[in-house]
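A structural walkthrough
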Amino acid sequence: MLSGKLIPLRQYGGPDGELSAALRYLNQRYTMPNERAKALLTDIGTEELGHLEVIATLVHKLVKDATPEQMRAAGLGSMYAEHEKALFYTDANGNPWTAAYIQAKGDPIADLAEDIAAEEKARATYQWLINLTDDPDVIQVLKYLREREVVHSQRFREALCIVEEHYKTKKYF
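Here the structure is a predicted model, which means the values were calculated and not measured.

Take the UniProt feature "binding site: Mn(2+)" (unreviewed entry) in the protein next. Under the local residue numbering, the UniProt record ascribes the feature "binding site: Mn(2+)" (unreviewed entry) to E18, E48, H51, E119 and H152. The greatest C-alpha distance among the annotated residues, which extend across 135 residues, is 12.8 Å, indicating that they converge on a single site. As for the largest cavity, its lining draws on E18, E48 and E119 from among the annotated residues. Taking the relative accessible area as the measure of exposure, E18 reaches 1% and is therefore buried. Excluding residues within four positions of it along the chain, E18 makes contact with Q11, E48, H51, L52, I55, Y126 and E149. Here E119 is to be found in helix α6 (residues 108-131). Residues in contact with E119, not counting those within four places in the same chain, are Y25, E48, E149, H152, S153 and F156. At 2.4 Å, the side chain of E119 forms a polar contact with the side chain of Y25.

The structure is reproduced here in structure tokens:
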């Protein structure tokens, strides 16, 4: 059944998906107050682009041999009509990706708190996606991505401590 396998599409172009995360982190790095925090955002943002590629590959493999009837039955009739089987940045409901999905406040503490929340939302979403499928190959990929979200959340918590410590340190000129 194709519909139960296509659930990873949610993380391709959705608000808590990999594209949104990558762009969020790569934008926020410029306002970080020290090189360690900048480097962390650069590393995680780059890794999120890799996760986007994983999701793209997974979705492509799941739809490449699907018939138009199977696409329609999977709830992707509109997507098929617009894009055939080409990948397109949408959420699970077919809503196109928008820059409104990413945040950059310019305040490092607020941005890192947003990043921790984003990673936790993505972790939860991956768990729910795992719950929706019975395909062991899809589950294996989703579990890997879920665990990376846990690591990213931990790293952002470390960065938050680094930035808070940076602000506590007296500056002498």
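For E84, which is not a glycine, the phi torsion comes out positive at approximately 55°. As for its placement among the helices and strands, E84 is situated in the loop between α5 (77-83) and α6.

On to the pattern of salt bridges. Under the defined criterion, the tally for this structure stands at eight salt bridges. In this structure, D16 engages K121 in a salt bridge whose closest nitrogen and oxygen atoms are separated by 3.7 Å. Pair noted here: D16 is in the loop between α1 (10-13) and α2 (18-28) and K121 is in helix α6, with a separation of 105 residues, a long-range link. The class of D16 is buried, set by a relative accessible area of 18%. Several salt bridges converge on common partners, so that one network encompasses E120, R123 and R157.

Right, let's talk about the packing of aromatic side chains for a bit. Aromatic ring pairs are defined here through the distance separating the ring centres and the angle between the ring planes. Applying the stated criterion across every chain, the model contains three aromatic pairs. Aromatic side chains Y12 and Y89 sit 4.6 Å apart centroid to centroid with 10° between the ring planes, which places their arrangement in the stacked category. Within this pair, whereas Y12 is found in helix α1, its partner Y89 is found in the loop between α5 and α6, the two being separated by 77 residues in sequence. What makes Y12 buried here is its relative accessible area of 6%.

Attention now moves to helix α3 (residues 35-63). For α3, built from 29 residues, the straight-helix expectation of 42 Å at 1.5 Å per residue is met to within 8% by its first-to-last C-alpha distance of 42 Å. Backbone nitrogen of R36 and a side-chain oxygen of the N-cap are separated by 3.3 Å at the start of α3; the cap is N34.

Basis of the calculations
- Residues numbered from 1 in each chain as written.
- Predicted model: local features only at pLDDT ≥ 70, side-chain atom pairs only at ≥ 80, totals over all residues.
- Heavy atoms only, no water.
- UniProt positions renumbered as here; feature names shortened; annotations may be inferred.
- 1 Å grid on protein atoms, 1.4 Å probe; cavity = no way out; pocket = protein on both sides within 12 Å on 5 of 7 lines; lining within 4 Å.
- Buried < 20%, exposed > 50% of the residue type's maximum accessible area, 1.4 Å probe, protein only.
- Contact = heavy atoms within 4.5 Å.
- Helix = DSSP H or I, 4+ residues; strand = E, 2+ residues; numbered from the N terminus.
- Polar contact = N/O pair within 3.5 Å; in protein donor to acceptor, adjacent residues only side chain to side chain.
- Salt bridge = Lys/Arg side-chain N within 4 Å of Asp/Glu carboxyl O.
- Phe/Tyr/Trp six-rings, centres within 6.5 Å; stacked < 30°, edge-to-face > 60°.
- Expected span 1.5 Å × (residues − 1).

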